[in-house]
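# A closer look at the structure
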Amino acid sequence: MIKGIIFDLDDTLTVHDDLYDSNYLKIIKTFFPDFKMKDPEILKIMIETIDSIGSNKYFSKYLDAKFGGRDILWADCGGFGEIAQYLKEVHLEAQNEMWKNIIKNLGISINKIKIKTIINKYKFFMWEGIKAFDDVIPTLTKLKKYKLGVLTNGMELHQRRKISISGLMNFFSTQNSEIVTSSECLLGKPSPVPYNYICEKLSLDTSEIIMIGDTLDGDISGAKNLNIKNILINRKKNINNESSIKPDFEVSSLSKIISIID
């Protein structure tokens, strides 16, 4: 019998991946309107630079936590635990180095623009775009008889702020709810560690929960490895059907989980 429902956060409850590429380009066009380069080439250079510096230099020993440079670029770093303390010390340095090298690798002359101004504008663009999908609040409102959890790869402070900004914190701040991030566990999905940790916090067995997420190789794979029931949310209907990882159920809208769970 299902007693608890565990949700992924990014692109399951809140808009996420669509923000990155669009805001990378928005920054370049905002500060360097005369710069001429095709968008795909701009993105290629920016993403390679962010991965090289943010992920593989500053975050190399924590890659198993399943986040990296692109998240550090706009994160509010802080909170408790090993990763939080480390990022609190280095994130400003990392953000500064990433943007300096992005501009350098694009071949742009920065002139009088301050890197700090670019950093702050990018963070503003990103946080401005955070919102819950339209089907989320109506669905969560119907799940009052269940224990609810968020299991998300990312930084604790960062992810909790997303939940708050998107208007979802009241669903996940009760006695029957929990939020667990990969930064707390030092390991991200699909590792069994975060799944077991959130079950422990909710006082539920893995047989009593269902996992809902948008990634086969993270959310669904991790759940299946522990024999946890699972639902893939495929909003854009573009997730690889050729994958060997098969979800127990697949939906295109969160509202459709009600008929599966009840």
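Relevant structure appears above.
The sections below set out a description of the structure shown in this document. (Residues numbered from 1 in each chain as written. Predicted model: local features only at pLDDT ≥ 70, side-chain atom pairs only at ≥ 80, totals over all residues. Heavy atoms only, no water.)

## Quick notes on the pairing of strand β4 (residues 209-213)
Of all 5 residues making up β4, 5 are buried, and the element is well covered by its neighbours. Side chains of β4 alternate between two faces, with Ile209, Met211 and Gly213 and Ile210 and Ile212 buried alike. Bridge count for strand β1 (residues 4-7) against β4 is 4 bridges, and the pairing is parallel. Considered in β4, the bridge of Gly4 is made with Ile209. As judged from the 4 bridges shared by β4 and strand β5 (residues 229-233), these two strands associate in the parallel manner. Among the inter-strand pairings, Met211 is bridged to a residue of β5, identified as Asn230. Regarding topology, helix α10 (residues 216-225) serves as the crossover connection from β4 to the parallel β5, and that connection is right-handed. (Buried < 20%, exposed > 50% of the residue type's maximum accessible area, 1.4 Å probe, protein only. Helix = DSSP H or I, 4+ residues; strand = E, 2+ residues; numbered from the N terminus. Pairing = 2+ DSSP bridges. Right-handed = clockwise from strand over helix to strand, strands pointing away.)

## Re the sheet that holds strand β6 (residues 249-251)
Taken together, the 6 strands give an open sheet; going across it, the order is β3-β2-β1-β4-β5-β6, and neighbouring strands pair in parallel fashion. The open sheet has two edge strands with one neighbour each: β3 (177-181) and β6. Taking the axes of each pair of neighbouring strands and ignoring which way they run, one obtains an average angle of 20 degrees across the sheet. (Axes fitted to C-alpha atoms, helices over the stretch in contact; angles between N-to-C directions.)

## Here we look at the nonpolar core
Nonpolar side chains tend toward joint burial in soluble globular proteins. The biggest cluster of nonpolar side chains holds 45 residues, and the ones touching the most others in it are Tyr24, Ile27, Met46, Leu87, Trp99, Leu106 and Tyr122. Elements with a minimum of two residues in this core: α1 (17-31), α2 (39-58), α4 (82-106) and α5 (115-129). When residues in this core are grouped by element, the largest group, 10 residues, is from α4. Aside from chain neighbours lying at most four places away, what touches Tyr122 is Tyr20, Asn23, Tyr24, Ile27, Arg70, Leu73, Trp74 and Trp99. Grouped together as the second largest cluster of nonpolar side chains are 26 residues, Val136, Phe171, Phe172 and Ile231 included. (Core = buried A, V, L, I, M, F, W, Y, C linked by side-chain atoms within 4.5 Å. Contact = heavy atoms within 4.5 Å.)

## So, the side chain of Ser166
Structurally, the position occupied by Ser166 is in the loop between α7 (156-165) and β3. Assessed through its relative accessible area of 9%, Ser166 is described here as buried. Those residues in contact with Ser166 that sit more than four places away from it in its chain are Thr14, Ile130, Lys131, Ala132 and Ile137.

## Here we look at the pairing of β3
Taken across its 5 residues, β3 has 4 buried, putting it largely inside the fold. Relative to β3, strand β2 (residues 147-152) is paired through 5 bridges, and the arrangement is parallel. The residue bridging Leu151 from the neighbouring strand is Val180, located in β3. Between the parallel elements β2 and β3, the chain passes through α7 in a crossover that is right-handed.

## Comments concerning the environment of Gly68
By the secondary structure assignment, Gly68 is in the loop between α2 and α3 (69-72). Sequence separation between Gly68 and Gly154 is 86 residues, and the spatial gap between their C-alpha atoms is 8.5 Å. Apart from residues no more than four positions distant in its own chain, Gly68 is found in contact with Ser55 and Phe59.

## Brief notes about the packing of α1 against α5
Contact geometry of α1 with α5 gives a least axis separation of 10 Å together with a crossing angle of 140 degrees. Here α1 lies oblique to α5, going by the angle between them. Seen from above, α1 lies across α5 with right-handed handedness. Only Thr117, Ile118, Lys121, Tyr122, Phe125, Met126, Glu128 and Gly129 of α5 make contact with α1, whose side of the interface consists of Leu19, Tyr20, Asn23, Tyr24, Lys26, Ile27, Thr30 and Phe31. Partitioned by chemical class, the residues of the contact of α1 with α5 number 9 nonpolar, 4 polar and 3 charged. (Parallel < 35°, antiparallel > 145°, perpendicular 65-115°, else oblique. Left-handed = near helix turned anticlockwise from the far one by under 90°. Nonpolar A, V, L, I, M, F, W, Y, C, P; charged D, E, K, R; others polar.)

## Structural notes on α7
The α-helix advances 3.6 residues per turn, and as a result positions three or four apart in sequence lie on the same side. Those residues of α7 lying buried are Glu156, His158, Gln159, Lys162 and Ile163. The inward-facing, buried residues of α7 contact α3, α5, β2, β3 and α8 (182-185). Note on α7: the residue one or two positions beyond its end, Gly167, has a positive phi of about 80 degrees.

## Considering α10
The buried count for α10 comes to 7 of 10 residues, which makes it a mostly enclosed element. Packing partners of the buried residues in α10 comprise α9 (192-202), β4 and β5. Positive phi appears at Asn227, one or two residues downstream of α10, with a value of about 60 degrees.

Shape descriptors only; they carry no functional weight alone.
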